[in-house]
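Spelled out from the first residue to the last, the chains are:
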Amino acid sequence: MGIDPDGPSPAASHSPPTSSGGPPGSRPGWLGRLGVLDWISIGLLAVGLICLLTGLLPVPEADDTMTRIMPILLFLGTIVIVAELTATAGVFDVIAGRLASVARGSYLALFLLCVLFASVTTIALNLDTTAVLLTPVMLALAVRLGIPAVPLAMTTVWLANTASLLLPVSNLTNILAANRVRLEPVPFAGRMWLPQLVAIAVTMAALWFWYWRRGQRGADRFEPPAPQAPADLVLYRTAFAACLLFVAGILLGVEIGLASAIAAGIVIVGFAVRARERLTLALVPWRLLIFVTGLFLVLRTVGRYGLNDLVGALIGTDPGTTGAFRAGATGAVLSNVVNNLPAYVAGEAVVPFANHTQLLALLIGTNVGPLATPWASLATLIWYERCAAYGVRVPLGKFMATGLVLAICCTAATVGTLLLVS
């Protein structure tokens, strides 16, 4: 969402840009098409390679880092392709339209259905999918319904973060944590289902009070949209089935990267038969892949030269209640300062291996806590970039103030719930 200190302006109706390039009208040439996030990703990878070449990061440690993240890169690369082609097949648009029709003009019903849609998308297909693909869908839905875009946009960005606790696939940090505590998807969900429900409930209360209630939205009812049919029913059903198969595979214990690769293969075959022209190299999320690679190399280097000591002093080693709240608070604060992924990686490096509850509390802080600043998570950065193309503006003060209150309340409530069920 374009964040404007001067206040809100009406949403403009634009076609959403693709995830791999810039908005329409960008400068010619590939360098001209690179955005801020592209340059950040390239810069991180360059710094990581410099650390390796200069010996600041020893080769064995770099090899260990790359071995750890290769399955993650496979998952990220393939799940984004699944999500992109699923969006192209019209799955998200059709579902959003049908949810609005089911709401029958009721803002309360629309609110509950949008919360469900954003939560399920985040849980099943990763928070970045929600930021990349659900954001333009929600903003386009606001235009179709003739309602303010801000409530839908804030629902998307907040739940992209706070609904990302339940499964390892929901968040990159979850994959790391699940591997660390050696929990398969179903046992992982068994530990996190109640904290996840609490996180969503707290988020819903904040969304309704600050963005959805009558005094904020400015209308009592909306006009339900006409039903929308997918352009190609075969592709729609193929993509929908691939998503369901992916989720089923995860729950049955299929390795995450393999499950996402199989789902991607199914959708790619469907498009190869029905719409080959849609299969381009632009589907590969190169920015995300090099961002993660560069970030891990840089963090491994910085950790060797003092970061681990600093974070260790903040988190401590207490395996009980105090240690859990310190870990959650540290994860949330660091996420809003430097981004949640480096905050989690730095915290994980210093949490004692046996302190599983403390590690999961750190995970909660870095998942539900990054809400007070636009750079606190990659999903929020992507959301910001997507919404800017629509001309939607939210006052920076309100964005940060409401996000700060939600981050504090949600982190505290969710860590407390984790301790109750641990």
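Sequence order as written defines residue numbering, which begins from 1 separately in each chain. Where totals are concerned, whole chains, interfaces and linings use all residues; where local detail is concerned, this predicted model gives features only for residues with pLDDT of at least 70, and gives and counts side-chain atom pairs only at 80 or more. Excluded from the side-chain calculations are hydrogens and water; all other atoms, namely the structure's heavy atoms, are used.

J.: Is there a simple way to explain the overall build of the protein in this structure?
T.: Working definition: helices are DSSP H or I runs of at least four residues, strands are E runs of at least two. Numbering for both runs from the N terminus. Helix and strand content of the protein: 17 helices and two strands. Its C-alpha atoms give the protein a radius of gyration of 21 Å, near enough to 22 Å, the size a compact globule of 422 residues would have. Oriented by its inertia axes, the alpha-carbon framework of the protein measures out at about 55 × 45 × 45 Å. Counting across all 422 residues of the protein, residues that qualify as buried make up 55%. Counted over contacts in the protein with a minimum sequence separation of 6, partners at least 24 positions apart contribute 83%. Note on method: radius of gyration uses C-alpha positions; expected globular size equals 2.2 Å times residues raised to 0.38. Relative accessible area decides the class of each residue, using a 1.4 Å probe on protein chains only: under 20% of the type maximum gives buried, over 50% gives exposed, and in between gives partly exposed. The contact rule is simple, with two residues in contact once any of their heavy atoms fall within 4.5 Å.

J.: What is the right way to read the nonpolar core from this model?
T.: Here is a general trend for soluble globular proteins: nonpolar side chains tend to be buried in one another's company. Here, nonpolar core means buried Ala, Val, Leu, Ile, Met, Phe, Trp, Tyr and Cys residues that are tied together by side-chain atoms lying within 4.5 Å of each other. In terms of nonpolar packing, the biggest core is built from 131 residues, with Leu-110, Met-154, Trp-158 and Phe-246 touching the most fellow members. In terms of residue count, the dominant contributor to this core is helix 2 (residues 59-88) (twelve residues). Apart from the residues within four sequence positions on either side, Trp-158 is in contact with Thr-203, Ala-206, Leu-207, Trp-210, Tyr-211, Leu-371, Thr-402, Gly-403 and Leu-406.

J.: I would appreciate a short explanation of the confidence of the model for the protein in the present structure.
T.: Any region with low pLDDT has predicted coordinates that should not be read closely. How sure the predictor is of each residue is captured by pLDDT, a score from 0 to 100. When pLDDT is averaged along the protein, the result is 85, and 90% of the positions lie at 70 or above. Looking over the protein, one finds the lowest element-wise mean pLDDT in strand 1 (residues 2-3), namely 52, and the highest in helix 15 (residues 356-368), namely 96. The low-confidence segment residues 5-28 (pLDDT under 50) makes 36 contacts with residues lying over four places distant or belonging to another chain.

J.: Help me understand the pattern of salt bridges, please; the structure alone is not making it clear to me.
T.: Side chains that differ in charge, positive against negative, can pair when their charged atoms come close. For salt bridges, the criterion is a side-chain nitrogen of Lys or Arg within 4 Å of an Asp or Glu carboxyl oxygen. Within the structure shown, the criterion is met by five salt bridges. Across the pair Arg-300 and Asp-64 runs a salt bridge whose closest N-O atoms are separated by 3.1 Å. Of the two residues, Arg-300 sits in helix 12 (residues 286-315) while Asp-64 sits in helix 2, which places them 236 residues apart along the sequence. The partner of Arg-68 in a salt bridge is Glu-348, with the nearest N and O atoms 2.8 Å apart.

J.: What's the story with a nonpolar patch on the surface in this structure? I'm lost.
T.: Nonpolar side chains (Val, Leu, Ile, Met, Phe, Trp, Tyr) are joined into patches within 5 Å and like charges within 9 Å, using only residues with over 30% relative accessible area and no salt bridge. All accessibility values rest on the Shrake-Rupley procedure with a 1.4 Å probe; residue burial counts only the protein chains present in the view. Together, Leu-245, Leu-258, Ile-262 and Ile-266 make up an exposed nonpolar region whose accessible area comes to about 330 Å². Among the elements that line the nonpolar patch, the one with the most residues is helix 11 (residues 256-274), at three residues. Note on placement: Leu-245 falls in helix 10 (residues 233-251).

J.: I would appreciate a short explanation of the packing of aromatic side chains in the present structure.
T.: Aromatic ring pairs: the centre-centre distance and the angle between the two ring planes describe each pair. Pairing of aromatic side chains here covers Phe, Tyr and the six-membered ring of Trp, requires ring centres within 6.5 Å, and sorts the geometry by plane angle: under 30 degrees stacked, over 60 edge-to-face, intermediate tilted. Applying the stated criterion across every chain yields a total of nine aromatic pairs. Centroid distance Phe-111 to Trp-212: 5.3 Å. Interplanar angle 55°. Geometry classified as tilted. Note that Phe-111 is positioned in helix 4 (residues 107-125) and Trp-212 in helix 8 (residues 185-212), a separation of 101 residues in sequence. A single burial state applies to Phe-111 and to Trp-212, both of which are buried. Seen in terms of ring centroids, Tyr-236 and Phe-240 are 6.2 Å apart; in terms of plane orientation they differ by 15°. Their pairing is stacked. Highlighted residues: Tyr-236 and Phe-240, both in helix 10, separated by four residues, approximately one helical turn. Residue class for Tyr-236 comes out buried when judged on its relative accessible area of 10%. Counting every residue linked through ring pairs, the aromatic cluster contains Phe-111, Trp-208 and Trp-212.

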